[in-house]
Amino acid sequence: MTPRDCMNKICYGILIAMPLLLSGCYESPDVTFHEPGVYKGKIDKHELSQDERNEVLRKRIMAVQTDR
Amino acid sequence: MARMKFLCDTERCIECNGCVTACKNEHQVPWGVNRRRVVTIDDGEPGERSISVACMHCSDAPCAAVCPVDCFYTTEEGVVLHDKDICIGCGYCFYACPFGAPQYPQSGLFGSRGKMDKCTFCAGGPEPDHSLEEVEKYGRNRLAEGKLPLCAEVCATKALLAGDGDKVADIYRERVTRREGRPNTWGWNTAYKD
C-alpha cells in the first residue's frame, strides 16, 4: 500500500466519522415549556363525588374522634 | 368545603408512640423514614409535654412553593400530596417545611436520596384508588374507604385528632371549655420563658 492509498483511507474514514460525530451536536428545537407553580403530575381521580366523600368522612369523625 | 387537618392535644398525649407504629405498619413505610414522630418538650421535667408531628397539610404549603418540578398538589379536601414519578429527590421541600415532614429513603451508595416520602393523610396518591401502584408508592388509601388517618383512629387517649378542620376545632374547643383553660404548651410564655 502506497502512502497515497493510506491517506485516501484516512480521508474516507474521517468523512464517515465526521457526520456521526456532528450528529451528537444536534439540538432538538421542540422544547417543552412549563408554567412555574402548576402541578405537572397525574390527576387524582376518586370513585365518589366530593359531597359524598365529605358526608362519609363527617360521619366517620363523629363516630371515632369524639370522646367516649 | 371540608379541609382536612391534624390537631394534637398535648394535654392528652402520653408519648405512647402508637400513632408512629400504626402509620409505619399501615403504609409499610421504608426503613429510616418516619412519616410521624412524637416530640417531647422538657423531657423528664415538671410540665413535660409531648406532641405528635407529621405533615400538617398546610393551606399554603411551603414545600409546594419551593418544588422545582411542581410535583405537589392539594386535593379538594385540602390534603397536600405529591407525585413520586415527578419528584427528583432534590430536598428543597425538606428545608422549606417547618415540621420536617418530607423524608427520603436512601436509594443507593454514598447516601444518595430516593423519592421524597411524607404523610399522605392516608389519602394515597395520584394513582387510581386502591391500585397496587398506589399502595406500593404511597401506602394505603383509607380516605377512599371512608376512613380517617389510622394514627388518629388508634390514638388511645384521643389526643391526636384528624378530620374536617371545623369538626376538629369543635371537639377541641369543647375540651378546652370543659378544662376551663387553654394548655400553655406554646405561646409567648413558652417561647421566651428564659
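Look up a bit, the structure's there.
These lines cover the structure that appears in this document, whether it is placed above or below. Residue positions within a chain follow its written sequence, with the count starting from 1. Labels follow written order: the first chain is A, the first ligand is 1, and so on. This being a predicted model, a pLDDT of at least 70 is required before a residue's local features are given, and a value of 80 or more before pairs of side-chain atoms are given or counted; all residues contribute to the totals for chains, interfaces and linings. Side-chain metrics in this entry use all non-hydrogen atoms of the structure; hydrogen atoms and water are not considered.

With that settled, consider the overall build of chain A. The secondary structure listing takes helices from DSSP runs of H or I that are at least 4 residues long and strands from runs of E that are at least 2 residues long, numbered from the N terminus. Scanning chain A from terminus to terminus reveals two helices and zero strands. For 68 residues, the compact-globule estimate of 2.2 N^0.38 gives 11 Å, and the C-alpha radius of gyration of chain A, at 33 Å, exceeds that figure by more than 25%. For chain A, the C-alpha atoms occupy an extent of roughly 100 × 25 × 20 Å along the three principal directions. Burial classification: accessible surface area is computed with a 1.4 Å probe over protein chains only, and a residue below 20% of its type maximum counts as buried, one above 50% as exposed, and the rest as partly exposed. In chain A, which comprises 68 residues, the share counted as buried stands at 13%. For chain A, the accessible area works out to roughly 6,000 Å², and carbon and sulfur atoms hold 63% of it. Counting 10 positive and 10 negative side-chain charges, chain A places the centres of these two groups 6 Å from one another. In this description the radius of gyration comes from C-alpha coordinates, and the expected globular size is given by 2.2 Å times residues to the power 0.38. For the area figures, the Shrake-Rupley method with a 1.4 Å probe applies, and any residue is considered shielded solely by the protein chains shown. The charged-residue count follows a simple rule in which Lys and Arg add positive charge and Asp and Glu add negative charge, with His and chain termini not counted at all. Where a charge sits is defined by one atom per residue type, namely NZ (Lys), CZ (Arg), CG (Asp) or CD (Glu).

This part covers the environment of Asp117 of chain B. Residues and elements named next belong to chain B. When you line up the elements, Asp117 lands in the loop between helix H3 (92-96) and helix H4 (132-138). Taking C-alpha positions, Asp117 is 16 Å from Val66, a pair spaced 51 residues apart along the chain. Note on contacts: a residue pair qualifies if any of its non-hydrogen atoms lie within 4.5 Å across the two residues. Not counting the four nearest positions on each side in its chain, Asp117 is found in contact with Val29, Val33, Arg35, His82, Lys84, Ala101, Pro102, Gln103 and Lys137. N or O atoms within 3.5 Å of each other form a polar contact, as long as, within protein, one can give a hydrogen and the other can take it, and as long as residues adjacent in sequence are counted only when both atoms are side-chain atoms. Separated by 2.7 Å, the side chains of Asp117 and Arg35 make a polar contact.

Here we come to the interface of chain B and chain A. Each partner contributes to the interface: chain B provides 40 residues, whereas chain A provides 27 residues. Summed over both partners, the accessible area (1.4 Å probe) lost when two parts come together is defined as the buried area. Both faces combined, the contact of chain B with chain A buries some 2,700 Å², and carbon together with sulfur accounts for 49% of it. We define a salt bridge as a side-chain nitrogen of Lys or Arg found within 4 Å of a carboxyl oxygen belonging to Asp or Glu. Run the count over chain B and chain A and you get six salt bridges. One salt bridge connects Lys40 of chain A with Asp70 of chain B, and the closest N-O pair in it is separated by 2.7 Å. At the boundary of chain B and chain A, one finds 12 residue pairs in polar contact (both at pLDDT 80 or more). For the side of chain B that touches chain A, the elements supplying multiple residues, two or more each, are strand S4 (72-74), helix H5 (150-154), strand S6 (160-164) and helix H6 (165-179) of chain B. Any residue that is not Ala, Val, Leu, Ile, Met, Phe, Trp, Tyr, Cys, Pro, Asp, Glu, Lys or Arg is counted as polar, Gly included; the first ten are nonpolar and the last four charged. Class assignment for the residues of the side of chain B that touches chain A results in 19 nonpolar, five polar and 16 charged.

For the rest of this paragraph, the subject is the pairing of strand S3 (residues 49-53) of chain B. All names here are of chain B. A large share of S3 lies buried, amounting to four of its five residues. For two strands to be treated as a pair, DSSP must find no fewer than two bridges joining them. Both strand S2 (residues 37-41) and S3 contribute to a ladder of five bridges, which runs antiparallel. In the strand pairing of S3, Val38 is matched with Ser52.

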